[in-house]
Amino acid sequence: MTESSKGTKGTRITELGRVAVPVADQDRALDFYVGTLGFEKRADIPMGEALRWIEVAPTGGAAAISLILPMEGQSPGVETGIILVSEDIDADHAALRDRGVDVDAEVKRWGDPVPPMFGFRDPDGNKFMIVQ
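Residues numbered from 1 in each chain as written. Predicted model: local features only at pLDDT ≥ 70, side-chain atom pairs only at ≥ 80, totals over all residues. Heavy atoms only, no water.

Caption draft 1: Spotlight on the side chain of Asp104. Structurally, the position occupied by Asp104 is in the loop between β6 (102-103) and β7 (117-121). When its relative accessible area of 15% is taken as the criterion, Asp104 is described as buried. A polar contact is formed between the side chain of Asp104 and the side chain of Arg121, at a distance of 3.0 Å. (Helix = DSSP H or I, 4+ residues; strand = E, 2+ residues; numbered from the N terminus. Buried < 20%, exposed > 50% of the residue type's maximum accessible area, 1.4 Å probe, protein only. Polar contact = N/O pair within 3.5 Å; in protein donor to acceptor, adjacent residues only side chain to side chain.)

See below:
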């Protein structure tokens, strides 16, 4: 332990604020996350020539998803590691399937303590999980 870290409990980090997800078309992604998933748009700010900072989140959620254009050498269609929480997994699975979202064929159930869950992909192939 260094002298400067003695007596501290770590960093001053207080929360997970946002996670960046690469998308090929920010307008299409915004329409999917807001129009199909029902997220709220929290930010859509121009950042110079043809760049935008876009944030979406579940209504009332603390953390947001930043819909970013891929950096050089990066492409959309990643395993995001993002796990969203549902109050009714079966209803959300059916609703997303009915809206044409690429969802797993069924909700997986392994029993306690593992929550029921299913995966889905956004229009760019970015992968997410939903658990109850």
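Caption draft 2: Examining the environment of Asp31 more closely. If you trace the backbone, Asp31 turns up in helix α1 (residues 26-36). As a C-alpha pair, Asp31 and Lys41 span 10 residues in sequence and 9.9 Å in three-dimensional space.

Caption draft 3: Structural context of the pairing of strand β8 (residues 127-131). For strand β5 (residues 79-85) and β8, the ladder comprises four bridges, and the chain directions are parallel. Within β8, the residue paired with Ile83 across the bridge is Met129. Sheet analysis places β7 next to β8, joined by five bridges and oriented antiparallel. Residue Phe118 lies in a different strand from β8, and its bridge partner there is Ile130. Between β7 and β8, which pair antiparallel one after the other, the connecting turn spans five residues, and Gly125 there sits at a positive phi close to 85 degrees. (Pairing = 2+ DSSP bridges.)

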